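Here are the chains, one letter per residue:
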Amino acid sequence: MRRRLPTWGAWKNKSGHLVVCNDWCNVSEFEYEGSVQEGTKIFYGESSSVTVSKDKYLKIFQDFKKNTPFKMGTSRTSPPNGSVGNWLKNNVTETAIASYVGSILIHEGYAIKGEDPSTIEFRKNSIEG
């Protein structure tokens, strides 16, 4: 089942209007199929998609569990070293997908936004699987 989510930081209320958007968010919407537990196929733009396997999500939890809060790294061109965005570019795809993955992790309850709006924090129970 496809789920439609706005990108990182932009969430819709019941009337369908955007209600929250951080200063670094992109307000475009995207869809995804699957879940973090199964792996996801993310649909964005006119006809683009990328798959993030359940193993890659697990590896994110393993690699970042000691570094919370940490930078999400949603820059489309140069996510900071040590950020999830940089990790995704090195381990999943060169395409900038951090804004989508971050939204999925929050939507499914694995993470919350950090106090600094450019950071993300994993919930302790989600890291253990």
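What counts, and at which threshold
Residues numbered from 1 in each chain as written. Predicted model: local features only at pLDDT ≥ 70, side-chain atom pairs only at ≥ 80, totals over all residues. Heavy atoms only, no water. 1 Å grid on protein atoms, 1.4 Å probe; cavity = no way out; pocket = protein on both sides within 12 Å on 5 of 7 lines; lining within 4 Å. Points joined across faces, edges and corners; volume = space filled by probe spheres on them. Helix = DSSP H or I, 4+ residues; strand = E, 2+ residues; numbered from the N terminus. Nonpolar A, V, L, I, M, F, W, Y, C, P; charged D, E, K, R; others polar. Buried < 20%, exposed > 50% of the residue type's maximum accessible area, 1.4 Å probe, protein only. Contact = heavy atoms within 4.5 Å. Pairing = 2+ DSSP bridges.

**Some thoughts on empty space enclosed by the protein**
Sizing a probe to match a water molecule and rolling it over the atoms shows the empty space that remains.
Right, on to step 1. Going through the model one piece at a time under the given rule, you end up with one cavity of 30 Å³ or more.
Right, on to step 2. Of the pockets and cavities examined, the largest cavity occupies roughly 40 Å³.
Right, on to step 3. Every residue along the wall of the largest cavity is listed here: Gly-73, Thr-74, Ser-75, Pro-79, Gly-85, Leu-88, Lys-89, Thr-93, Thr-95, Ala-96, Ile-97 and Ala-98.
Right, on to step 4. Top element by residues in the lining of the largest cavity is helix H2 (residues 84-91). It accounts for three residues.
Right, on to step 5. Per-class residue counts for the lining of the largest cavity are five nonpolar, six polar and one charged.

**Topic: H2**
In an α-helix, one turn spans 3.6 residues, which is why side chains three or four residues apart end up on the same side.
Right, on to step 1. Burial analysis of H2 places six of its eight residues in the buried class, which makes it a mostly covered element.
Right, on to step 2. Turning to H2, the residues buried within the fold contact helix H1 (54-64), strand E7 (70-71) and helix H3 (98-107).

**Description of the pairing of strand E5 (residues 39-44)**
Right, on to step 1. For E5, the buried fraction is high: five of the six residues fall into the buried class.
Right, on to step 2. Bridge count between strand E4 (residues 29-35) and E5: five bridges; the pairing is antiparallel. Residue Glu-31 lies in a different strand from E5, and its bridge partner there is Phe-43.
Right, on to step 3. Of the pairings in the sheet, the one linking E5 to strand E6 (residues 48-53) comprises six bridges and is antiparallel in character. Bridge pairing in E6 links Phe-43 to Ser-49.
Right, on to step 4. Count of turn residues in the E5/E6 antiparallel hairpin: three residues, of which Gly-45 carries a positive phi of about 65 degrees.

**Concerning the sheet that holds E7**
Right, on to step 1. Ordered by their spatial adjacency, three strands build an open sheet running E7-E9-E8, and the pairing between neighbours is antiparallel. Of all strands in the sheet, those bounded by a partner on one side alone are E7 and strand E8 (111-113).
Right, on to step 2. As defined by bridge partners, E7 adjoins strand E9 (residues 119-122) across two bridges and the pair is classed as antiparallel. Residue Lys-71 lies in a different strand from E9, and its bridge partner there is Thr-119.

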